[in-house]
There are 2 protein chains.
Amino acid sequence: MNILDKIMKPRSIAVVGASTKQHTIGSDIMKRLREYGYAGPVYPVNPKGGVIEGLPAYATVLDIPGEVDLAVIIVNARFVLQTIDQCHEKGIKGLCVISAGFKETGTEGARLEAELLERVRRYGMRCVGPNCLGVVNTHPAVRMDACFAEALPERGNIGFVSQSGALGGGILNILRDLNLGFAQFISIGNQADVNAETALEYWEGDKDVRQILLYMESIQNPVNFRRIASRLSKKKPVLALKAGRSAAGASAASSHTGSLAGADLAADALLRQSGVIREFSLKNLFATAKVFANCPIPKGDRVAIVTNSGGPGIMGTDAICEKGMKMAELTDETKAKLRSFLPAAASVRNPVDMIASAPIEHYRQTLETVLADPNVDMVITIYLPFLGLKDTDVARAIMEIKAAHPEKPVVGVFMTKSEFFTAFSAADVNVPFFMYVEEAVEGLARLNEQRLWIERPEGVLPDFKVDGERARNIIRTALADGRDQLTTRESIDVLDAYGVRVCRAGFAADEDAAVAVADRIGYPVVMKMTSKTTSHKTDVGGVRVNIGSAEALRAEYRDLVAKLDERGLLDGLEGVIIQEMVNGSREMVCGIATDPQYGPMLMFGLGGVFVEVMKDVAFRIAPVTDTDARDMVRSVKAYKLLQGARGTTPADIAKVEETLLRLSQLVTDLPFIDELDINPLMISEKTGEPIAVDGRIKVRRCEAESALA
Amino acid sequence: MNILDKIMKPRSIAVVGASTKQHTIGSDIMKRLREYGYAGPVYPVNPKGGVIEGLPAYATVLDIPGEVDLAVIIVNARFVLQTIDQCHEKGIKGLCVISAGFKETGTEGARLEAELLERVRRYGMRCVGPNCLGVVNTHPAVRMDACFAEALPERGNIGFVSQSGALGGGILNILRDLNLGFAQFISIGNQADVNAETALEYWEGDKDVRQILLYMESIQNPVNFRRIASRLSKKKPVLALKAGRSAAGASAASSHTGSLAGADLAADALLRQSGVIREFSLKNLFATAKVFANCPIPKGDRVAIVTNSGGPGIMGTDAICEKGMKMAELTDETKAKLRSFLPAAASVRNPVDMIASAPIEHYRQTLETVLADPNVDMVITIYLPFLGLKDTDVARAIMEIKAAHPEKPVVGVFMTKSEFFTAFSAADVNVPFFMYVEEAVEGLARLNEQRLWIERPEGVLPDFKVDGERARNIIRTALADGRDQLTTRESIDVLDAYGVRVCRAGFAADEDAAVAVADRIGYPVVMKMTSKTTSHKTDVGGVRVNIGSAEALRAEYRDLVAKLDERGLLDGLEGVIIQEMVNGSREMVCGIATDPQYGPMLMFGLGGVFVEVMKDVAFRIAPVTDTDARDMVRSVKAYKLLQGARGTTPADIAKVEETLLRLSQLVTDLPFIDELDINPLMISEKTGEPIAVDGRIKVRRCEAESALA
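Residues numbered from 1 in each chain as written. Chains lettered and ligands numbered in written order. Predicted model: local features only at pLDDT ≥ 70, side-chain atom pairs only at ≥ 80, totals over all residues. Heavy atoms only, no water.

A. Representation of the overall build of chain A. Within chain A one finds 25 helices and 30 strands. With 709 residues in all, chain A has 60% of them scored as buried. Across chain A, the fraction of contacts at a sequence separation of at least 24, relative to all contacts at a separation of at least 6, is 71%. Taken as a whole, chain A presents about 26600 Å² of accessible surface, with 52% of it coming from carbon and sulfur. Distance between charge centres in chain A, computed from 83 positive and 91 negative side chains, equals 3 Å. (Helix = DSSP H or I, 4+ residues; strand = E, 2+ residues; numbered from the N terminus. Buried < 20%, exposed > 50% of the residue type's maximum accessible area, 1.4 Å probe, protein only. Contact = heavy atoms within 4.5 Å. Areas by Shrake-Rupley, 256 points an atom, 1.4 Å probe, with all protein chains shown as cover. Lys, Arg positive; Asp, Glu negative; His and termini not counted. Charge placed at Lys NZ, Arg CZ, Asp CG, Glu CD.)

As structure tokens, then:
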């Protein structure tokens, strides 16, 4: 048996800190447990004894006669540890510590929390909190409301985890108001033990929870979160609101929860790779949840609109196009059928405008007809009040038709009085209703996103054959030199060792050697002299570009020697570097950055002088799979440049993706790489290959030294 | 007297087409007029006579005994013209034609509408409609509800114009539901006569209307709209929702309203230049209206948050930063004062977190203290339900404090039950309340936008001294040649005539002439041969770049002649073009595009291969003022490149703006210019000047020919 069941499906509950004093948590929790109809025995615990909510209070949990699954602890923080000791003695395995006064208050509190966790681990318990709002399970067999939010829970299929206690309570109120029921709620508070990942994993196999909502201010263990969420999100939609996006917001977040808020860029990448649908406001979070609660995942992205007013039809069309979905092209058959019963002034093209006078029967017939069209994947039905029609009657008609077509999502837009939206209870609706068409479209766009995520191939981490030892040796040399920053040459060589296509180059001490190197690299080449005495190469003609053949190279070499001789500089000449000449106008950038919390991230985008200005870059947490790399490359605007805009050679996009995958493998093998930049990653105009022309690698020295020792 | 007063403030009303039949417009309008308490006499008109709403019906308007200001016409479209004739005979000047069956139905209807308009003009009448929902004025001295929307109007300070009838009705319902009263409502329908501009102009001097809401699907006369709106918007906020943004949406728009929907890009530029706040959903439109209805324009952009829960504080901070506003830095004095009464666990930095247990008194004191802080321009107050507190009590306390500080906007975020939002009527509130913090922030961002617009300098259209005759002559030559497309040279010359800094160039027939041209242009130069016989210039060394001196130029010229002689090609040589050598890595683009409805638009942004891919460009309708040009240049991301990112020479930004202003003058003088492209407008690395290196002008031939004849 999962110990979390002791918390979420307890057969008996002790409330430690139960109180007779009105408007206290100790009184409210007792009331809520009774009021909501918790099925098992509830034992109030209070050293003063007395009768609480009609039940005799016990001095300690040890005095409780029966077995106890869950202890809800509300006592002052300084009594929490001894309470846990007593719980252990009593054999209680489930804890929900509502008491505040832990990590969120500073070092002393953090110490106390560490001791709490140590006990929980040692005793083999699981613990929600501390500093939390409680837990709820609305399942008819459980009916546990051990939480001090204002509203009584309404039954539904959502599992909801909140990091913020007070906000969690506010959300529960709103859910009720939106007729959004939920199955289980966990206020994780300081998440000393149970955190979002615990909840995700717990709900993976729970049929009662069909979608998951997360309110987070930080992600505790990104690697674990990604592992669990990316698997779960293929089965159940996971929606998240992560606050603390801006630098200012993040600072507010850390003062609030006492937890380190990672860079939002990294969090965003992580959620994306985990298949989590990220919302940026509670409003959108709830709207999306309402759609997932009532709609199946669609088969495609073609939306039809059925309306009795043109205006919202236009606004809906605008929103559908902006969200990257398509306006469904109705079949001729559908149009003919619509034409057969709709008035002449109606429009039978999508958006189908039945005009203002449309009776309920037209809503029925039109929706039925449009849902039957094979070109339609989803439908938005819009109603504006018309003389003599009742909005709830129209809604009922829509819900009846929808019930006969469970396979396609149907959303209702009712621009009517707000009473309408509370006229039906969560249990009565099978269609999400919104006031505004944009909300409906956003909901459908999220369904479509979930469809794409489910259809998205799992992705693999390719295992390239690389020369790891060569890379490690180059880094060892730099470390031995006392450097954490590799030279350009060293950086390029590490990339080369990992199979990244780098700009080829080689040293040659004389003319014949130069030709041999150039033959190996391929023409055209650049020749750069290296000299002990002359540092300004270009002033003496020491750089020759675009050399097309061995013959030309010999001529240039001789000319160089002659010129140096003329000036008496020949003595210093050590030889020449022969470098591949990369012609191209498209400069991309890719690399690795390390987030202190989320670890190494891959980056790809438009390079050169545009990196900072256009910020046309994508990030993903390492390691990246082949599908991740594919997504990354396609998610930047500069992808169009890669495809060969304005007559340029189409880039070898598979090779671009491979470059990212090789970098991912590099930082997975050598996790002490702190930063890596390839800028530019030039797209060769000749072959379309991406070529690393300049590179820069920095390692974390101590880590690197101990790993390479 | 303004004839529109006859429609909006009539002393008596005839309802032509009044009916005894329930649930018809002819019955409803009569009912609404009586029910809402219209003060003057109402005369039902129906050829069948009878008693309607307790009043005797007249056969025609001519049978009405008293004078009539406004005729509301509901009869079948085919009787509308004769009704108007009778109205004229009766001396009625105000019409509101609700009847449908005009332009929206096709050519026949359009003809009927043209006849209607001709009569209205001839008779000196003003007419709202046809195909509209009616008009409303909630002023206590008028109380006219001549409209068949479902909800009775609630009194407020909004003037509302809707192009869509049905949607207008839906909006009126929602306004009522949001406790948003309005002053006047005009459903312009097909806008044969009265349109949005008429309403704007009418309301400019009407103290009863303090903000204006527009729902538009098209803008009829953009020039007129801009003239009126840009003046009015400095006095009263003008908010607009313009539907038909996407190509698909625009096509839905034209089938719906029978009017040509202009490109959204142009509409967006026009609204921006007119100081109109554009919203993209009704929801946002109403949220913004609610804020303007209850808040003054702030003095700055620094926002403070007062909350009893950390989570929404973080979310608010995120939203404030994302909307380009600032989190206020509270003074030490403020912080000390807050610290004096808030509990130790509270945070006295912005966001001020009073913690969950904050009683009403803390809300009062904290809000009072924060409002008194000179570093605070606006305040968001957040409330999450807490045991024993009543949300309406907290709201009342906030409204009391707000009443004592009318100079600073205060917005409330109440994450509580939805009943709360209808607990107060529009007349009772002085603070806009929202459920979600993001809505509050969006509202404040709009207030801030309005502040910036009011503070924005008026802007002037500079009058540059140009050589207009030279430009016209160049175009005449092209036209005489049968071309509507100018050559590069001609295009560059037209730009030069208008004082745009172009890449200098000149033709030279021999060596001495080449040196003379180069001396005039300045070194370095490029030399390109022109030959009758040799088209592939580069193959024969016909292009020489980066020539730094007269000496070098002579050497290159002689070398060219020698090389051509060698190959027997000297005979064809006509001479050389000497061209300024422009070095620079930053390629911008600017130009002129013509929108079929909005006319010529100026464009500016990142040029070269990035134009289509990055779409980092800004548009404004011509003519552009100096402030418009300033805004344009600063609104693109590439502005950072102009400022001199990564060690480049800062661009001469005043000259960039001047280039746009000169183009604006060019297209104003020569309005037959259809397209003009300067790509690239190169930023000289030497001087930072913007230089037109390549140009392309196309004219509309017939227009140009008649203008230049």
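B. View of the pattern of salt bridges. All names here are of chain A. The tally for this structure, following the rule as stated, stands at 110 salt bridges over all chains. Residue aspartate 512 is joined to arginine 554 by a salt bridge in which the shortest nitrogen-to-oxygen separation is 2.9 Å. In this pair, aspartate 512 sits in helix H19 (residues 511-521) while arginine 554 sits in helix H20 (residues 550-566), placing the two residues 42 residues apart along the sequence. Among the salt bridges present, the one from glutamate 685 reaches arginine 586, with a minimum N-O distance of 3.4 Å. Highlighted residues: glutamate 685 in the loop between strand S28 (673-683) and strand S29 (690-692) and arginine 586 in strand S25 (residues 586-595), separated in sequence by 99 residues. The exposure class assigned to glutamate 685 is partly exposed, which follows from its relative accessible area of 27%. The buried category is assigned to arginine 586, whose relative accessible area is 2%. (Salt bridge = Lys/Arg side-chain N within 4 Å of Asp/Glu carboxyl O.)

C. Quick peek at the interface of chain A and chain B. Contact with chain A, which involves 75 residues of that partner, is made by 75 residues of chain B. Between chain A and chain B, the buried area comes to about 6200 Å², and carbon and sulfur atoms account for 65% of it. The interface formed by chain A and chain B includes 2 salt bridges. Note that Glu439(A) is salt-bridged to Lys283(B), the shortest N-O span being 2.3 Å. Viewed at the interface, chain B and chain A are joined by 2 residue pairs in polar contact (both at pLDDT 80 or more). Listing elements by their share of the side of chain A that touches chain B, those giving two or more residues are helix H2 (25-35), helix H5 (165-177), helix H8 (247-257), helix H10 (282-294), helix H11 (310-322), helix H16 (437-455), helix H21 (610-614) and helix H23 (639-643) of chain A. When residues in the side of chain A that touches chain B are grouped by element, the largest group, 10 residues, is from H11(A). Each residue belonging to the side of chain A that touches chain B can be placed in one class, and the counts come to 36 nonpolar, 19 polar and 20 charged. (Buried area = accessible area lost by both parts, 1.4 Å probe. Polar contact = N/O pair within 3.5 Å; in protein donor to acceptor, adjacent residues only side chain to side chain. Nonpolar A, V, L, I, M, F, W, Y, C, P; charged D, E, K, R; others polar.)

D. A look at the UniProt feature "domain: CoA-binding" (unreviewed entry) in chain A. Here the UniProt-annotated "domain: CoA-binding" (unreviewed entry) positions come out as residues 7-102 of chain A. Annotated as 25% helix and 21% strand, the span residues 7-102 of chain A places its first and last C-alpha atoms 21 Å apart. (UniProt positions renumbered as here; feature names shortened; annotations may be inferred.)

E. Broad picture of the relation of the copies chain A and chain B. Mapping chain A onto chain B is achieved by rotating through 180° and translating by 0.1 Å along the same axis, at an RMSD of 0.2 Å. Taken together, the turn and the small shift mark the pair as related by a two-fold rotation axis. Identified as the residue of chain A closest to the rotation axis by C-alpha distance is Met614(A), at 4.2 Å. Looking at the interface residues of chain A, 100% of them are also at the interface in chain B, so both copies use one shared face. (Least-squares fit on C-alpha atoms with pLDDT ≥ 70 in both.)

F. Quick look at the side chain of Gln597(B). All names here are of chain B. With respect to the helices, strands and loops of the structure, glutamine 597 is situated in the loop between strand S25 (586-595) and strand S26 (599-606). Judged by relative accessible area, glutamine 597 falls into the buried class, the value being 17%. There is a polar contact of 2.3 Å between the side chain of glutamine 597 and the backbone oxygen of isoleucine 219.

G. Local environment of the nonpolar core. If you look at the biggest cluster of nonpolar residues, it comprises 226 residues, and the most contacted ones within it are Ile380(A) and Ile380(B). Ignoring any residue separated from it by four or fewer positions in sequence, one finds Ile380(B) in contact with Val303(B), Ala304(B), Ile305(B), Val306(B), Ile320(B), Val411(B), Val413(B), Val437(B), Ala440(B), Val441(B) and Leu444(B). Counting residues in hydrophobic clusters, the runner-up holds 110 residues, among them Ile475(A), Val613(A), Ile592(B) and Val667(B). (Core = buried A, V, L, I, M, F, W, Y, C linked by side-chain atoms within 4.5 Å.)

H. How the structure looks around the domain arrangement of chain A. Taken domain by domain, chain A consists of domain 1 (4-209), domain 2 (296-455), domain 3 (504-580) and domain 4 (586-708). The C-alpha-based centres of domain 1 of chain A and domain 3 of chain A are spaced at 77 Å. (Domains from an automatic or database assignment.)

I. Highlighting the sheet that holds strand S5 (residues 70-73) of chain A. All names here are of chain A. The 5 strands are arranged S2-S1-S5-S6-S7 in an open sheet whose pairing can be described as parallel. Bordering the open sheet on either side are strand S2 (42-45) and strand S7 (126-128), each of which pairs with just one other strand. Taken over all neighbouring pairs, the strand axes of this sheet differ in orientation by 20° on average, direction set aside. Two strands pair when backbone bridges link them, and strand S6 (residues 94-97) and S7 are joined in this way by 3 bridges, in the parallel orientation. Bridging from a neighbouring strand, leucine 95 pairs with cysteine 127 of S7. (Pairing = 2+ DSSP bridges. Axes fitted to C-alpha atoms, helices over the stretch in contact; angles between N-to-C directions.)

J. Focus on unusual backbone geometry. Each neighbour pair has its own omega, and for Tyr523(A) with Pro524(A) the value is -5°, a cis peptide bond. With respect to the element layout, Pro524(A) can be found in the loop between H19 and strand S22 (525-531). The omega torsion of the bond from Asn679(B) to Pro680(B) falls at 5°, within 30 degrees of zero and hence cis. Relative to the helices and strands, Pro680(B) is located in strand S28 (residues 673-683). Positive phi, close to 65°, is recorded for Ile355(A), a residue that is not glycine. Along the chain, Ile355(A) turns up in the loop between strand S17 (352-353) and helix H13 (360-372). One non-glycine residue with positive phi stands out, namely Asn546(A), at about 55°. Within the secondary structure, Asn546(A) sits in strand S23 (residues 543-547).

K. Quick peek at the sheet that holds strand S21 (residues 505-508) of chain A. All names here are of chain A. Strand order in the open sheet made by the 4 strands is S21-S24-S22-S23, with antiparallel pairing throughout. In the strand order of this sheet, the two ends are held by S21 and S23, each with one partner. Adjacent strand axes in the sheet meet at a mean angle of 20°, parallel and antiparallel pairs treated alike. One ladder, built from 4 bridges, connects S21 with strand S24 (residues 573-580); its direction is antiparallel. When the sheet's bridge partners are listed, phenylalanine 507 is paired in S24 with isoleucine 577. Contacting S22, S23 and S24, H20 crosses the sheet at an angle of about 165° to S23.

L. Spotlight on the packing of aromatic side chains. Taken as a whole and judged by the stated rule, the model has 25 aromatic pairs over all chains. With a centroid separation of 4.6 Å and an interplanar angle of 5°, the aromatic rings of Phe414(B) and Phe420(B) are classed as stacked. Considered together, Phe414(B) and Phe420(B) belong to a single accessibility category, that of buried residues. Members of the aromatic cluster, joined through ring pairs, are Tyr363(A), Tyr383(A), Phe414(A), Phe420(A), Phe421(A), Phe424(A) and Phe433(A). Sitting above the plane of the Phe434(A) ring, Lys290(A) keeps its charged end 4.7 Å from the centroid. (Phe/Tyr/Trp six-rings, centres within 6.5 Å; stacked < 30°, edge-to-face > 60°. Lys NZ or Arg CZ within 6 Å of the ring centre and 35° of its normal.)

M. Representation of the environment of His362(A) in the model. Residue and element names in this part refer to chain A. Here histidine 362 shows up in helix H13. Here histidine 362 falls in the buried class, since its relative accessible area comes to 14%. Between the alpha carbons of histidine 362 and methionine 125 there is a distance of 60 Å; along the sequence they are 237 residues apart. What histidine 362 contacts, discounting residues up to four positions off in sequence, is Phe341, Leu342, Pro343, Met354 and Leu367.

N. Here's a closer look at the environment of Pro374(B). Residues and elements named next belong to chain B. Locating proline 374 in the fold gives a position in the loop between helix H13 (360-372) and strand S18 (378-383). Here proline 374 falls in the exposed class, since its relative accessible area comes to 58%. With 73 residues separating them along the chain, proline 374 and leucine 447 place their C-alpha atoms 18 Å apart. Not counting residues up to four positions away in its chain, the partners in contact with proline 374 are Arg302 and Thr331.

O. Examining helix H17 (residues 468-480) of chain A more closely. All names here are of chain A. Compared with the 18 Å implied by 1.5 Å per residue over 13 residues, the 18 Å span of H17 between its first and last C-alpha is a close match. Where H17 is buried, its residues meet helix H18 (488-497), strand S30 (695-699) and helix H25 (701-708). Of the residues trailing H17, glycine 482 is marked for its positive phi of about 80°. (Expected span 1.5 Å × (residues − 1).)

P. Up close: the pairing of strand S19 (residues 410-414) of chain B. All names here are of chain B. Here S19 lies mainly inside the structure; 5 of its 5 residues are buried. Neither face of S19 is exposed, since Val410, Gly412 and Phe414 on one face and Val411 and Val413 on the opposite face are all buried. In the sheet, S18 pairs with S19 via 5 bridges, with the strands oriented parallel. Considered in S19, the bridge of isoleucine 380 is made with valine 411. At this point the chain moves from S18, through helix H14 (residues 391-404), to the parallel S19, and the crossover so formed is right-handed. In the sheet, S19 pairs with strand S20 (residues 433-434) via 2 bridges, with the strands oriented parallel. Paired with valine 413 across the two strands is phenylalanine 434, which belongs to S20. (Right-handed = clockwise from strand over helix to strand, strands pointing away.)

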